[in-house]
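# Structure assessment
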Amino acid sequence: MTTLLLIAGCSSPSANTNQTTKFAVYLSDTNEVVFSEDDIVSYNNSTDTFTFTKDGVKKIQSYQSTSTIQGGLYQKPFTVKIGDEAIYTGKFWTSLSSLSEDGIVMLDTFTVSPENNTLTVIGGYPERTTVTDEEKEQIDDARITEHFQKLDKLTSTPPKQTLTSNQQIQNL
């Protein structure tokens, strides 16, 4: 009996650590993993865009049971977590929708394919201006950036620079 307890109590720390620090996006109502870091090729922290592996694309497509936007992930609430810690919540959305949504959304679940293998997190649809400062901070949470940097899956696109009228005149 003692031997059994000792064997059951000996688990690999790295296996436990890996599970408790894994990035994943869950359906909020069922806690089912929609996709995890294993399904992601890269995360761009400048555009808040996930690029998926072929298997990741298939995983997301598996939720789309019909050829209409109703029936897949559209409008379903999700939770982004690292390990057991929730970072932010939002809804899956599609640009094919004529409905607007305030708050955090992940676009475009309906059009994910091998040719279009990305989802982007934005604040509000169709107007990105509806995002609150708190929601923007949640989307840009440093823990996500650090996590993907440790996995060597972080990419960045420099933000577009717009010149003021004075700068434009000076450049002439």
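You'll find the structure just up there.
Criteria and thresholds
Residues numbered from 1 in each chain as written. Predicted model: local features only at pLDDT ≥ 70, side-chain atom pairs only at ≥ 80, totals over all residues. Heavy atoms only, no water. Buried < 20%, exposed > 50% of the residue type's maximum accessible area, 1.4 Å probe, protein only. Helix = DSSP H or I, 4+ residues; strand = E, 2+ residues; numbered from the N terminus. Pairing = 2+ DSSP bridges. Polar contact = N/O pair within 3.5 Å; in protein donor to acceptor, adjacent residues only side chain to side chain. Phe/Tyr/Trp six-rings, centres within 6.5 Å; stacked < 30°, edge-to-face > 60°. Lys NZ or Arg CZ within 6 Å of the ring centre and 35° of its normal.

Judged by how many residues are buried, strand β7 (residues 101-107) sits mostly within the fold: 6 of 7 residues are covered. Pairing of strand β6 (residues 85-92) with β7, which is carried by 2 bridges, proceeds in the parallel orientation. Across the sheet, the residue bridging to F92 is M106, located in β7. Pairing analysis gives 5 bridges linking β7 to strand β8 (residues 118-125), with the strands arranged antiparallel. What sits directly across from L107, in β8, is T120.

A word on the sheet that holds strand β3 (residues 40-44). On the basis of which strands lie adjacent, the open sheet formed by 9 strands has the order β2-β1-β5-β6-β7-β8-β4-β3-β9 and mixed pairing. What marks the edges here is a single partner per strand, and that holds for β2 (33-36) and β9 (154-155). Across 3 bridges, strand β1 (residues 23-27) lies against β2 in antiparallel orientation. Note that in β2 the partner of A24 across the bridge is S36.

Positionally, N44 belongs in strand β3. There is a polar contact of 2.8 Å between the side chain of N44 and the backbone nitrogen of S46. From its side chain, N44 meets the backbone nitrogen of T47 in a polar contact 3.1 Å long.

This paragraph deals with the environment of P126. Residue placement: P126 occurs in the loop between β8 and α4 (133-139). With 29 residues separating them in the primary sequence, P126 and S97 have C-alpha atoms 9.1 Å apart.

Here we take up unusual backbone geometry. Residue D108 follows L107 across a cis peptide bond; omega there is -5°. Tracing the backbone shows D108 in the loop between β7 and β8. Its identity as a non-glycine residue notwithstanding, D48 has a phi of 55°, on the positive side. Tracing the backbone shows D48 in the loop between β3 and β4 (49-52). In this structure, Q75 takes a positive phi of about 70° despite not being glycine. The exposure class of Q75 is partly exposed, given its relative accessible area of 31%.

We now examine the pairing of β3. With 4 of 5 residues buried, β3 is to be regarded as a mostly interior element. Count of turn residues in the β3/β4 antiparallel hairpin: 4 residues, of which D48 carries a positive phi of about 55°. Pairing of β3 with β9, which is carried by 2 bridges, proceeds in the parallel orientation. Of the residues in β9, the one forming a bridge with N44 is T155.

It is worth spelling out the packing of aromatic side chains at this point. Tallied over the entire structure, the rule returns 10 aromatic pairs. Ring centres of F78 and F92 lie 4.9 Å apart, and the angle between their planes is 45°; this geometry places the pair in the tilted category. Linking F78 in strand β5 (residues 77-82) with F92 in strand β6, this pair joins segments that are 14 residues apart in sequence. When sorted by exposure, F78 lands in the same class as F92, which is buried. Against the face of Y26 rests K81, its NZ or CZ located 4.8 Å from the ring centre.

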